[in-house]
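Here is how the chains run, residue by residue.
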Amino acid sequence: MAVAGLAGTAAVVPMTQPRWAAKGATSSAGTTTTACPATTTDAAFTAVTYGGGVHVRSEPRRDVGILYTIPPGCVVGLTGYCLGERITDSTSQTPDIRWFTLADGGLIASGVVHGNPPTGLEPSRCQGDRPGPAAIALAIAPDVTGPGGWRLSATGTHVEIVGFAAYYADDPALPAERRWHQIGLTGTAAPPFDLVWKRDRRSVQPGPTAEIPVAAVACLGGGAPTDVLDLRVARPDGSSTAEALPLAADQRLAARRTACLYP
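No experiment lies behind these values; they were computed from the predicted model shown.

Participant: Give a description of the overall build of the protein that names residues and reports values.
Facilitator: A count of helical and extended segments in the protein gives 1 helix and 15 strands. The burial tally for the protein puts 45% of its 263 residues in the buried class. Residue pairs in contact within the protein that sit at least 24 positions apart in sequence constitute 68% of those at least 6 positions apart. Accessible surface, the protein as shown: approximately 11700 Å² in total, 55% of it carbon and sulfur.

Participant: So, the nonpolar core: which residues are in play, and what are the values?
Facilitator: If you look at the biggest cluster of nonpolar residues, it comprises 33 residues, and the most contacted ones within it are Val76, Leu78, Leu102, Ile108 and Trp180. If we ignore the near neighbours within four places in the chain, the residues touching isoleucine 108 are Val54, His55, Val56, Val76, Leu78, Trp99, Phe100, Leu102 and Val113.

Participant: Any details on the environment of cysteine 74? Residues and values, ideally.
Facilitator: Residue placement: cysteine 74 occurs in the loop between strand S3 (66-70) and strand S4 (75-88). Accessibility expressed as a relative area gives 0% for cysteine 74, which makes it buried. Along the sequence, cysteine 74 and proline 37 sit 37 residues apart, while their C-alpha atoms lie 7.7 Å from each other.

Participant: A description of the sheet that holds strand S9 (residues 149-157) should follow, citing residues and the corresponding values.
Facilitator: Pairing in this open sheet of 3 strands is antiparallel, and the strands run S8-S9-S12 from one edge to the other. If you trace the sheet from one side to the other, it starts and ends with strand S8 (135-142) and strand S12 (193-198), each paired once. Strand-to-strand twist across the sheet, computed as the mean angle between neighbouring axes with direction ignored, equals 20 degrees. Two strands pair when backbone bridges link them, and S9 and S12 are joined in this way by 6 bridges, in the antiparallel orientation. In the sheet register, serine 153 faces S12, and the bridge partner there is aspartate 194.

Participant: Lay out the environment of arginine 98 in plain terms, naming residues and giving numbers.
Facilitator: Along the chain, the position of arginine 98 falls in strand S5 (residues 95-102). The exposure class assigned to arginine 98 is buried, which follows from its relative accessible area of 3%. Separated by 11 residues in sequence, arginine 98 and isoleucine 87 have C-alpha atoms that sit 8.4 Å apart. Sequence-distant contacts of arginine 98, defined by excluding residues within four places in its chain, comprise Tyr81, Cys82, Leu83, Ala109, Ser110, Asn116, Pro117, Leu220, Gly222, Ala224 and Tyr262. Side-chain polar atoms of arginine 98 contact the side chain of aspartate 96, separated by 2.8 Å.

Participant: Provide a residue-level description of the side chain of threonine 226, including the pertinent values.
Facilitator: Within the secondary structure layout, threonine 226 lies in strand S14 (residues 224-234). Among the polar contacts made by the side chain of threonine 226, one reaches the main-chain amide nitrogen of valine 228 at a distance of 3.1 Å.

Participant: Tell me about the state of the cysteines, and please be specific about residues and values.
Facilitator: The full count for this structure, using the stated rule, is 3 disulfides. Note that cysteine 36 is cross-linked by a disulfide to cysteine 74, the S-S spacing being 1.9 Å. The chirality of the disulfide connecting cysteine 36 with cysteine 74 is left-handed, given an S-S dihedral of about -80 degrees. With cysteine 36 in the segment before strand S1 (45-49) and cysteine 74 in the loop between S3 and S4, this residue pair connects regions lying 38 residues apart in the sequence. Since its relative accessible area comes to 44%, cysteine 36 is described here as partly exposed. Look at the protein and number its bonded cysteines as they come in the sequence; the links are 1-2, 3-4, 5-6.

Participant: How would you summarise the pairing of strand S10 (residues 162-169) if you had to cite specific residues and measurements?
Facilitator: Of all 8 residues in S10, 8 are buried; the element is thus mostly enclosed. Covered by surrounding structure in S10 are Val162, Phe164, Ala166 and Tyr168 together with Gly163, Ala165, Tyr167 and Ala169, the residues of both alternating faces. Pairing analysis gives 8 bridges linking S10 to strand S11 (residues 178-186), with the strands arranged antiparallel. For phenylalanine 164, the partnering residue across the bridge sits in S11 and is glycine 184. Inspection of the sheet shows S10 paired to strand S13 (residues 212-221) by 5 bridges, in the antiparallel sense. Bridge assignment links alanine 165 to a residue of S13, and that residue is alanine 215.

Participant: Give a description of unusual backbone geometry that names residues and reports values.
Facilitator: Located in the positive-phi region is glutamine 93, a residue other than glycine, with phi close to 60 degrees. Secondary-structure assignment places glutamine 93 in the loop between S4 and S5. Positive phi, normally seen in glycine, also occurs at histidine 158, with a value near 60 degrees. Residue placement: histidine 158 occurs in the loop between S9 and S10. On the basis of relative accessibility, which here comes to 39%, the residue histidine 158 falls in the partly exposed class.

Cut-offs and rules
- Residues numbered from 1 in each chain as written.
- Predicted model: local features only at pLDDT ≥ 70, side-chain atom pairs only at ≥ 80, totals over all residues.
- Heavy atoms only, no water.
- Helix = DSSP H or I, 4+ residues; strand = E, 2+ residues; numbered from the N terminus.
- Buried < 20%, exposed > 50% of the residue type's maximum accessible area, 1.4 Å probe, protein only.
- Contact = heavy atoms within 4.5 Å.
- Areas by Shrake-Rupley, 256 points an atom, 1.4 Å probe, with all protein chains shown as cover.
- Core = buried A, V, L, I, M, F, W, Y, C linked by side-chain atoms within 4.5 Å.
- Pairing = 2+ DSSP bridges.
- Axes fitted to C-alpha atoms, helices over the stretch in contact; angles between N-to-C directions.
- Polar contact = N/O pair within 3.5 Å; in protein donor to acceptor, adjacent residues only side chain to side chain.
- Disulfide = S-S within 2.5 Å.

Right, dumping it as structure tokens:
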């Protein structure tokens, strides 16, 4: 692996200038279900509402009053997104902290619609938002609950969702043909973010000291990696090393995307 930036180096999630929620909207006491809103020409992406419809709020959290509700089956135009309360995605059952911005400044949770921002679109600011992930650290130890595994533990600054990935070959007979594999995607009420990884025949390389790179990535949700990443190595005998490994740019990108996949 070529050196192109040390693992464990944090990258703050960029944010553009605020797009505040529209003033004069109704409170939760005046909540109404509206017709499908018109898709504006300046929409950066779209999403489809489903289930019982989608509540629109002025800030990215559920304890703020509902402005109005968009019925199911609507294709809504969205101008961007900001970061807020973690919501469990209704379809994938994975955590998500993205809140999508409507043309009028209202916000809807990413986890209750079908649709994702385009690759490369960074979070914007919104009223009541939360800061993006700024740093993450991964620790690896043998799993004491049983043989043949590691306990992965991640902590960080402003981190609420962590994806884990490991770099190994699908066929142990072809150790040079390694690629990143997702281990899991997790969000908890409070750090650390723990996960037990039981090694299998595919991930075990010949020799007791063969190194398996493992990455912990701060995610904004399923399919939404950040560049906040830490890398350590585990060995098939259950031991690990705290030494960080360098990653080439393409490998860093692959690790990020794989770790934050929808499982």
